[in-house]
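Secondary and tertiary structure notes
Spelled out, the chains give:
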Amino acid sequence: MASHKEYVAFILEQFGEAEEVTARPMMGEYVIYCQGKVIGGVYDDRLLVKPTANAVKLMPEAPRVIPYDGAKEMLWVEELDDRNFLKTLAEAMYEELPFPKKKKKR
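What comes next is a walk through the structure. (Residues numbered from 1 in each chain as written. Predicted model: local features only at pLDDT ≥ 70, side-chain atom pairs only at ≥ 80, totals over all residues. Heavy atoms only, no water.)

Some remarks on the overall build of the chain
Put simply, the rule is: In this text, helices come from DSSP runs of H or I with a minimum length of four residues, and strands from runs of E with a minimum of two, each type numbered from the N-terminal end. Here the globule rule is a power law, 2.2 Å times the number of residues to the power 0.38, and the radius of gyration is based on C-alpha atoms. Relative accessibility under 20% of the residue-type maximum defines a buried residue, over 50% an exposed one, and the middle range a partly exposed one, all with a 1.4 Å probe and only protein chains included. Note on contacts: a residue pair qualifies if any of its non-hydrogen atoms lie within 4.5 Å across the two residues.
What the chain contains, in helices and strands, is three helices and six strands. In the chain, the order of α-helices and β-strands from amino to carboxyl end is α-β-β-β-β-α-β-β-α. Radius of gyration (C-alpha) of the chain: 13 Å, near the 13 Å computed for a compact globule of 106 residues. With respect to the three principal axes, the spread of C-alpha positions in the chain is 45 × 30 × 25 Å. Relative to its 106 residues, the chain shows a buried fraction of 42%. Taking the intrachain contacts of the chain between residues at least 6 apart in sequence as the baseline, contacts between residues at least 24 apart amount to 53%.

See below:
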């Protein structure tokens, strides 16, 4: 089941105060970026984030799920009503994650 655009718009709105949180469609789902770094995605209308040390520390009880066959385990963010928490989460994860590798031009 693909995620709905309206749900992704809601997620982005909830990140509100976090700096430059954006989404990009990818094969029926959406990748979530914070200032150009991949922090997670929306899969089957669920916000999932990478299990970085800071994310695990902020959400120690978060369910761990595999978004699709062959993917790595991610944390399911169920606390979507707390904008302050989502801002803190995005900023904490940003500090730990690398920028995506540049693709070589052909």
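Topic: the side chain of T52
Within the secondary structure layout, T52 lies in the loop between β4 (46-49) and α2 (53-58). With near-sequence residues (within four places) excluded, T52 lies in contact with M93, E96 and L97.

A word on the layout of surface pockets
Convention followed: Here a cavity denotes a set of grid points, spaced 1 Å apart and computed over the protein atoms alone, in which a 1.4 Å probe fits but from which it cannot get out, and a pocket denotes an open set meeting protein on both sides within 12 Å along at least five of seven lines; residues with an atom within 4 Å of a point are reported as lining. Grid points are joined across faces, edges and corners, and a volume is the space filled by probe spheres set on the points. Following the grouping adopted for this structure description, the nonpolar residues are Ala, Val, Leu, Ile, Met, Phe, Trp, Tyr, Cys and Pro, the charged ones are Asp, Glu, Lys and Arg, and the polar ones are all others, Gly among them.
Estimated volume of the largest pocket: approximately 570 Å³. Looking at the largest pocket, it is lined by 17 residues, and the ones nearest its centre are V31, V38, G40, Y43 and Y68. Contributions of two or more residues to the lining of the largest pocket are made by β2 (29-34) and β3 (37-43). If one sorts the elements of the lining of the largest pocket by residue count, β2 sits on top with four residues. In this structure, the second largest pocket encloses a volume near 160 Å³. Classifying every residue of the lining of the second largest pocket by side-chain character gives three nonpolar, no polar and four charged.

Focus: helix α3 (residues 83-96)
How we decide: Working rule for helices: expected span equals 1.5 Å times residues minus one. Polar contacts here mean pairs of N or O atoms no more than 3.5 Å apart (in protein, one a potential hydrogen donor and the other a potential acceptor; neighbouring residues in sequence count only if both atoms are side-chain atoms).
The first and last C-alpha atoms of α3 sit 21 Å apart over 14 residues, in line with the 20 Å expected at 1.5 Å per residue. Where α3 starts, the residue carrying a side-chain oxygen 3.2 Å from the main-chain nitrogen of N84 turns out to be D82.

Here we look at the sheet that holds β4
Just so we agree on the cut-off: Strands are treated as partners if at least two bridges between them are detected by DSSP. Think of each axis as a best-fit line through the C-alpha atoms, taken over the contacting stretch in the case of a helix, with angles from 0 to 180 degrees between the N-to-C directions.
Pairing in this open sheet of six strands is antiparallel, and the strands run β1-β2-β3-β4-β6-β5 from one edge to the other. Of all strands in the sheet, those bounded by a partner on one side alone are β1 (21-26) and β5 (64-65). Contacts from helix α1 (residues 5-15) reach β1, β2, β3 and β4 within the one sheet, and its direction differs from that of β1 by about 160 degrees.

Some details on the packing of aromatic side chains
Worth spelling out the cut-off: Stacked, edge-to-face and tilted labels apply to pairs of Phe, Tyr and Trp rings (six-membered ring for Trp) whose centres lie within 6.5 Å, assigned for plane angles under 30 degrees, over 60, and everything in between, in that order.
Applying the stated criterion across every chain, the model contains three aromatic pairs. Plain terms: the ring middles of Y43 and Y68 are 5.9 Å apart, the flat faces sit at 45 degrees to each other, and that makes the pair tilted. You can see Y43 sitting in strand β3 and its partner Y68 sitting in the loop between β5 and β6 (74-76), a full 25 residues away along the chain. For Y68, a relative accessible area of 48% gives the class partly exposed. Relative to F99, the ring of Y94 has its centre 6.3 Å away and its plane inclined at 85 degrees; by these criteria the two rings are edge-to-face. A relative accessible area of 51% places F99 in the exposed class.

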